[in-house]
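Report on the structure
What follows is each chain in one-letter form.
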Amino acid sequence: MTTTTTRRLSLLKPTGHLTLGNYLGALRPMAAGQHEADCFYGVADLHALTVPHDPLELRQHTTELATLLLAVGLDASTLFVQSRVPAHAQLAYLLECVASTGELNRMIQFKEKRGQQDSVRVSLYTYPALMAADILLYRPAQVPVGDDQRQHVELTRDLAMRFNSSYGPVFTVPEITTPAAGARVMDLADPTSKMGKSGAAGPGAIRLLDSPDVIRRKVGRAVTDSETGARAVRADRETKPGVTNLLEILIACGGSADAITTYGALKKAVTDAVVAELEPVRKRYDDLASDAAHVSGVYDAGAARCRAVTAPVLAAAEAAIGLS
Ligand code: AMP
């Protein structure tokens, strides 16, 4: 059993347009840290099939996300599209044969996503087995995980241990670690909820590919509060969530609030800082989007490397469980 301590892996679902929140909270730190480890970043197109979807839209979102990962500078990482590495789906099936319905029934995210619906896709139910395969195939020693995915990674560990004790020591059981607290960007129109992909069509979410004009309009309409006076521009998450969010975005984008005393000036500074941060990404995206051959070349090479890295793990699992 090999453990690779320096591997990092993260999959992003192509189910909407990426926002400034995704960028500051995930993509920018991924790009900044990509030289510290052997990084694998994937577009989780199989996970996007767990809810009703439109094939054309899925393909567009997959291409957009794949191009964006390159545009934010992840060119030193192994980039891949999940479905191009068949070992993910193959190992997921083996793990379904180790998991029990009792375990999957306890998954909070499944219960939340099912909601009041009588019937949902079976893949929504078995999603944790695919996520476990995504992780175990790469043998990372640690998996940094936020609260929303913690239960799934605990299940991943349980499945790995059960498989190992039933069939032989195939999987590295990853340790769960807490990621360093990153920027949490809130919605501009509703600063008590996260700026998320699902709300990316709304007025309070800045999309990564929004033009400067659109960014200016969205920031201009951001919710603040009615306080006036010299102390109005200050952070206080409880009583001034909108202003606090704008200040945090400003700082995260390299700006400074020194000498800013009005909400108008704050919004102007936020707009300038966000535009300065996102313009290079948008320009790079436009260049890459007009060079589809380059992008597919990168992803072909990435998938080939993933297939090579995951093949021995899948083969060991198949042999251990009794497949010939
Ligand atoms: P999601 O879009 O929710 O699938 O999240 C993809 C990645 O982006 C995860 O690492 C999230 O933690 C990060 N992310 C999403 N929205 C935000 C936000 N508003 N602020 C900070 N990070 C975010």
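Residues numbered from 1 in each chain as written. Predicted model: local features only at pLDDT ≥ 70, side-chain atom pairs only at ≥ 80, totals over all residues. Heavy atoms only, no water.

1. Some remarks on the nonpolar core
Leu 20, Tyr 23, Leu 27, Leu 69, Leu 266 and Val 274 are the most contacted members of the largest nonpolar core, which totals 53 residues. Counting only elements with at least two residues in this core, the list comes to α1 (20-32), β2 (38-43), α2 (55-71), β3 (78-81), α8 (212-220), α9 (241-252), α10 (263-289) and α11 (292-321). Considering every element that reaches this core, the biggest residue donor is α10, with 11 residues. Beyond its immediate chain neighbours, meaning those up to four positions away, Leu 266 contacts Val 233, Val 243, Leu 246, Leu 247, Leu 250 and Ile 260. Judged by nonpolar contacts, the second largest core, of 34 residues, contains Met 107, Leu 136, Leu 137 and Ala 303. (Core = buried A, V, L, I, M, F, W, Y, C linked by side-chain atoms within 4.5 Å. Buried < 20%, exposed > 50% of the residue type's maximum accessible area, 1.4 Å probe, protein only. Helix = DSSP H or I, 4+ residues; strand = E, 2+ residues; numbered from the N terminus. Contact = heavy atoms within 4.5 Å.)

2. Regarding the packing of helix α3 (residues 87-96) against α11
Across the interface, α3 lies against α11 with an axial gap of 10 Å and an inter-helix angle of 25°. Here α11 runs roughly parallel to α3, going by the angle between their axes. Where α3 crosses over α11, the handedness of that crossing is left-handed. For the pair α3 and α11, the contacting residues are Ala 87, Gln 90, Leu 91 and Leu 94 in the first and Thr 310, Leu 314, Ala 317, Glu 318 and Ile 321 in the second. Taken together, the residues that form the contact of α3 with α11 break down as six nonpolar, two polar and one charged. (Axes fitted to C-alpha atoms, helices over the stretch in contact; angles between N-to-C directions. Parallel < 35°, antiparallel > 145°, perpendicular 65-115°, else oblique. Left-handed = near helix turned anticlockwise from the far one by under 90°. Nonpolar A, V, L, I, M, F, W, Y, C, P; charged D, E, K, R; others polar.)

3. A look at the pattern of salt bridges
The tally for this structure, following the rule as stated, stands at 16 salt bridges. Of the charged contacts, one joins Arg 150 and Glu 154 as a salt bridge, the two residues approaching to 3.4 Å between their closest N and O atoms. Pair noted here: Arg 150 and Glu 154 are both in helix α7 (residues 147-167), with a separation of four residues, about one helical turn. Residue classification places Arg 150 among the partly exposed residues on the basis of a relative accessible area of 33%. Three or more residues joined by partner-sharing salt bridges are found here, namely Asp 225, Glu 227, Arg 234 and Lys 240. (Salt bridge = Lys/Arg side-chain N within 4 Å of Asp/Glu carboxyl O.)

4. Some details on the packing of α2 against α10
The contact between α2 and α10 brings their axes to 9 Å, and the two run at 125°. Put simply, α2 runs oblique to α10. As α2 packs across α10, the resulting crossing turns out to be right-handed. Facing Glu 64, Thr 67, Leu 68, Leu 70 and Ala 71 of α2, the residues of α10 in contact are Val 281, Arg 284, Tyr 285, Leu 288 and Ala 289. The residue makeup of the contact of α2 with α10, split by class, is seven nonpolar, one polar and two charged.

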